[in-house]
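Given next are the chains, with one letter for each unit.
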Amino acid sequence: MRRAADDLLDERSGVVGQLLVAVRPVDVGRAAVTAPLRREDPEPLGLRAELIGTPVAQVAPGEPRPASREKVALMRRGAIAAAAAVIAAGLLSGCAAGPSQVGAAAIVGDTVVTLESVQTWFDRVVDDRERRERARANQQFDDIGRKIVTEAVRHELLLQAAEKEKLRIDEEQVNELLDELGGPANAVEELAGTPGTEWLLYDETTIRERVRDQLIALELGRKYFDSTEIKFDATQAQSRDSALEKADQIAADPQRSGEIVESDLDAGAQAFPDQELSVATDPSTAAQSPLFAVPAGEIMVYAAGAQGGWWVIFIRERDTDAPRDTSPEAVEADTVEQSLMSDIGMRMLAPLMADVDVRLSPRYGVWDRVSLDAAPNEGERLVTTVPVQQPTD
């Protein structure tokens, strides 16, 4: 038997409600300083504590970003030199063209985040005795390096997305928000009371670019709020291995996705075939689950949270140019909290920049392109994706 998407939204016990607690949200706008973006806005805009990235080798985190980015590239000097460059760079480089992994904490497209810049940032954080001791007391000390790299990569992806989408964030907007936060020093002081590792990464030299990143995410959310919808099939498996096996079955023959999910539903599993959802219909789900963070034609697998099991979700279609949702459930964009809209923007960022190759130094793990996090290893990615093996109609 089938259940309509509207029923799921009403009951909150179906796939939409359950997905809210299954994966840690990107939460760019949460757990940080709060202030309204504009004085007339009734809801506060949260500032996520994120590192100012370092797009070029010569610039350390927190220093002003140059007007143009330096492209770090291996130059091809004949067949022998090219072969030697590939061997020297190792498998992470992949080819003789593009930035070298040597000396890089991360490579985002053609932009390098250097090990030196990450180390400089780390040193600045741990040189503060109070922060250092608090991090140790909260068992957060070992996460600082990976968190710095995560925020640096996100920062660069946001800058590239702003350029791609022709979004302009001017200094006046940044100044306005900082003024509402009480100035850089007050914003940093407020962050000291927030949980997680993010508060460690801010000081007066870095918070300005973080405000800029927040505003970019906000504009991405606004741009795609009324025009993005997906169609998907969702089912569950008891273990990660069985979930991956089911994902492989769907990938091998995506036309059977509905049949597989229907069979699971008939067998009493949590399964939801032939679902449709727009961002405007449920902004919270759009912000807090990975449903909108994966391109069409991919199956994602992730833990279902406290309820147990693993979700297997096939995104059959993803439309970012859909007509505005006029159903009774649709929410007006101007009624959505600024922090939630920023989270939606970060979910839009993942598929928007999916074609940008992100590589991390092995010391920082591997990049999770859905949750936009540095994971310790392949098995600890929050979301695993499996592409279909043939086009879908």
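Residues numbered from 1 in each chain as written. Predicted model: local features only at pLDDT ≥ 70, side-chain atom pairs only at ≥ 80, totals over all residues. Heavy atoms only, no water.

Our next topic: the overall build of the protein chain. Helix and strand counts for the protein chain stand at 13 helices and 12 strands. Expressed as a percentage of its 393 residues, the buried residues of the protein chain come to 54%. For the protein chain, the proportion of contacts with a sequence separation of at least 24, taken over those separated by at least 6, is 74%. Per element, the accessible surface of the protein chain, about 17,300 Å² overall, is 49% carbon and sulfur. (Helix = DSSP H or I, 4+ residues; strand = E, 2+ residues; numbered from the N terminus. Buried < 20%, exposed > 50% of the residue type's maximum accessible area, 1.4 Å probe, protein only. Contact = heavy atoms within 4.5 Å. Areas by Shrake-Rupley, 256 points an atom, 1.4 Å probe, with all protein chains shown as cover.)

Attention now moves to unusual backbone geometry. One non-glycine residue, Lys166, lies in the positive phi region at around 60°. If you trace the backbone, Lys166 turns up in the loop between α6 (144-164) and α7 (171-180). Positive phi outside glycine occurs at Leu372, with the angle close to 60°. Structurally, the position occupied by Leu372 is in the loop between β10 (366-368) and β11 (373-375).

Quick look at the nonpolar core now. Residues Val153, Leu157, Leu220, Leu291, Ile313 and Leu349 are the most contacted members of the largest nonpolar core, which totals 77 residues. Considering every element that reaches this core, the biggest residue donor is α6, with 10 residues. One finds Ala237, Ile260, Val301 and Val386 within the second-largest nonpolar core, a separate group that totals 13 residues. (Core = buried A, V, L, I, M, F, W, Y, C linked by side-chain atoms within 4.5 Å.)

What follows concerns the environment of Val356. Relative to the helices and strands, Val356 is located in the loop between α13 (338-352) and β9 (358-360). For Val356, a relative accessible area of 17% gives the class buried. Put simply, Val356 and Asp110 are 246 residues apart on the chain and 9.0 Å apart in space, counted from C-alpha to C-alpha. Setting aside anything within four residues of it in sequence, one finds Val356 in contact with Val108, Gly109, Leu157 and Gln160.

What follows deals with the side chain of Arg318. Tracing the chain through its elements places Arg318 in strand β8 (residues 310-319). Buried Arg318, no salt bridge; nearest opposite-charge side chain is Asp319, N-O distance 8.3 Å. A polar side-chain atom of Arg318 sits 2.9 Å from the main-chain carbonyl oxygen of Phe292. With residues up to four places along the chain from it excluded, the contact list for Arg318 reads Thr228, Glu229, Ile230, Phe292, Val294, Pro295, Ala296, Met348 and Pro351. (Lys, Arg positive; Asp, Glu negative; His and termini not counted. Salt bridge = Lys/Arg side-chain N within 4 Å of Asp/Glu carboxyl O. Polar contact = N/O pair within 3.5 Å; in protein donor to acceptor, adjacent residues only side chain to side chain.)

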